[in-house]
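Here are the chains, one letter per residue:
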Amino acid sequence: MPPNLLNFRPPFQILDRDGAITDNVALTSLGLGGDKVLAIYEDMVTARLLYEFGKNEGHSERMTLFIGPLWQEAVISTVYALGKNVWIYPYGRQWHTALARGVSVKSILDGFYTNPSAEAIKDFHKHRVRPPYVVVGIQLLHAVGAAWTAKILEQKIVPAATYFGDGATAQGDFHGAMSHAKIHHVPTILFC
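These numbers come from a predicted model, not from an experiment.

J.: Where do I start with unusual backbone geometry in this structure?
T.: Working note: non-glycine residues mostly have negative phi, and peptide bonds are mostly trans. Even without glycine at this site, W71 takes up a positive phi of about 65 degrees. Within the secondary structure, W71 sits in the loop between α2 (34–57) and α3 (76–82). Overall, W71 belongs to the partly exposed group, its relative accessible area being 45%. Positive phi outside glycine occurs at R128, with the angle close to 60 degrees. Mapped onto the elements of the fold, R128 is located in the loop between α6 (118–126) and α7 (138–152). By relative accessible area, R128 is classed as partly exposed at 29%.

J.: Can you walk me through the packing of α7 against helix α8 (residues 172–183) in this structure?
T.: Relative orientation and spacing of two packed helices are given, respectively, by the angle between their axes and the distance between those axes. At a minimum axis separation of 7 Å, α7 and α8 run at an interaxial angle of 20 degrees. Considering the angle they form, α7 stands roughly parallel to α8. Between α7 and α8 lies a crossing of left-handed hand. For the pair α7 and α8, contact is made by I138, L140, L141, V144 and W148 and by D173, F174, G176, A177, H180 and A181, respectively. Taken together, the residues of the contact of α7 with α8 break down into eight nonpolar, two polar and one charged.

J.: What am I meant to see in the pairing of strand β2 (residues 160–163) here?
T.: When a strand is regular, its side chains alternate between the sheet's two faces. Burial along β2 is two-sided: the face carrying A160 and T162 and the face carrying A161 and Y163 are both buried. Note: strand β1 (residues 87–89) against β2, three bridges, orientation parallel. The residue of β2 that forms the bridge with W87 is A160.

J.: In this structure, what is going on with the environment of V134? I would like to understand it.
T.: Note that V134 resides in the loop between α6 and α7. Accessibility expressed as a relative area gives 52% for V134, which makes it exposed. In this structure the C-alpha to C-alpha distance between V134 and G92, which are 42 residues apart in sequence, comes to 4.9 Å.

J.: Would you mind showing me how to read the side chain of R101 here?
T.: The topology assignment puts R101 in helix α4 (residues 96–101). The charged side chain of R101 is buried without a salt bridge, its nearest counter-charge being D43 at 9.7 Å. Leaving out residues up to four positions away in the same chain, R101 has contacts with V79, G83, K84, V86, I88, H127, R128 and V129.

J.: Any chance you could explain the layout of surface pockets here in plain terms?
T.: Unoccupied space between atoms shows up once a probe the size of one water molecule is rolled over them. Each pocket or cavity is described by its volume, and for the second largest pocket that value is around 190 Å³. Lining of the second largest pocket is provided by 14 residues; of these, G111, F112, P116, P132 and V134 occupy positions nearest its centre.

J.: Looking at this structure, I do not really get the pairing of strand β3 (residues 188–191). What am I missing?
T.: Both β2 and β3 contribute to a ladder of four bridges, which runs parallel. The residue of β3 that forms the bridge with A160 is T188. The handedness of the β2 to β3 crossover, carried by α8, is right-handed.

J.: Looking at this structure, I do not really get the packing of aromatic side chains. What am I missing?
T.: In this description, a pair of aromatic rings is defined by centroid distance and the angle of the planes. Enumeration according to the criterion identifies two aromatic pairs in this entry. Taking 4.8 Å as the distance between ring centres and 15 degrees as the angle between the ring planes, the aromatic pair formed by Y163 and F191 counts as stacked. On the criterion of sequence distance, the pair formed by Y163 in strand β2 and F191 in strand β3 is long-range, its members being 28 residues apart. Here the guanidinium or amino end of R48 rests over the ring plane of W71, the centre of that ring lying 4.3 Å away.

Parameters at a glance
Residues numbered from 1 in each chain as written. Predicted model: local features only at pLDDT ≥ 70, side-chain atom pairs only at ≥ 80, totals over all residues. Heavy atoms only, no water. Helix = DSSP H or I, 4+ residues; strand = E, 2+ residues; numbered from the N terminus. Buried < 20%, exposed > 50% of the residue type's maximum accessible area, 1.4 Å probe, protein only. Axes fitted to C-alpha atoms, helices over the stretch in contact; angles between N-to-C directions. Parallel < 35°, antiparallel > 145°, perpendicular 65-115°, else oblique. Left-handed = near helix turned anticlockwise from the far one by under 90°. Contact = heavy atoms within 4.5 Å. Nonpolar A, V, L, I, M, F, W, Y, C, P; charged D, E, K, R; others polar. Pairing = 2+ DSSP bridges. Lys, Arg positive; Asp, Glu negative; His and termini not counted. Salt bridge = Lys/Arg side-chain N within 4 Å of Asp/Glu carboxyl O. 1 Å grid on protein atoms, 1.4 Å probe; cavity = no way out; pocket = protein on both sides within 12 Å on 5 of 7 lines; lining within 4 Å. Points joined across faces, edges and corners; volume = space filled by probe spheres on them. Right-handed = clockwise from strand over helix to strand, strands pointing away. Phe/Tyr/Trp six-rings, centres within 6.5 Å; stacked < 30°, edge-to-face > 60°. Lys NZ or Arg CZ within 6 Å of the ring centre and 35° of its normal.

Purely geometric numbers; function is a separate question.
Below you can see the structure in the form of structure tokens.
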């Protein structure tokens, strides 16, 4: 049984469930304005609601695959810290990073119901997000490779960011990506 979201209280809280600021000192120490914090909170709530929808829909035969970010919604805050120029390479459980970038809910769900449509892929790319990967750890290599290509071609260096779970650290792709990024000074941000 999922926890009652209306009664959930995190250990560190800046906004109440109605969006009112509860701790001005903590908010100021983070360097965030109220509008940005409220946007992050709204994205987190939307991600949780979308997760609940997908979980229920995933038991039907219409949705071919669904994995979600249960209890990982706060990762959305890292997207706001990255800025708009960084390309994001999420894995299947971190699709809510695309939501925080402005990718439509329709485009996100499109990949779970079937192969993403051309319109959905355009929506992801317009917001500098690759559609989420399902193969564990492969997105790490893609993120490092994209940033390294820009560096080799002497283009304006735009770092890439990628998200992965602790299970990916057991994959060779994780070790290859980390080693390559370190050895060649590739501007890649890896979030576990």
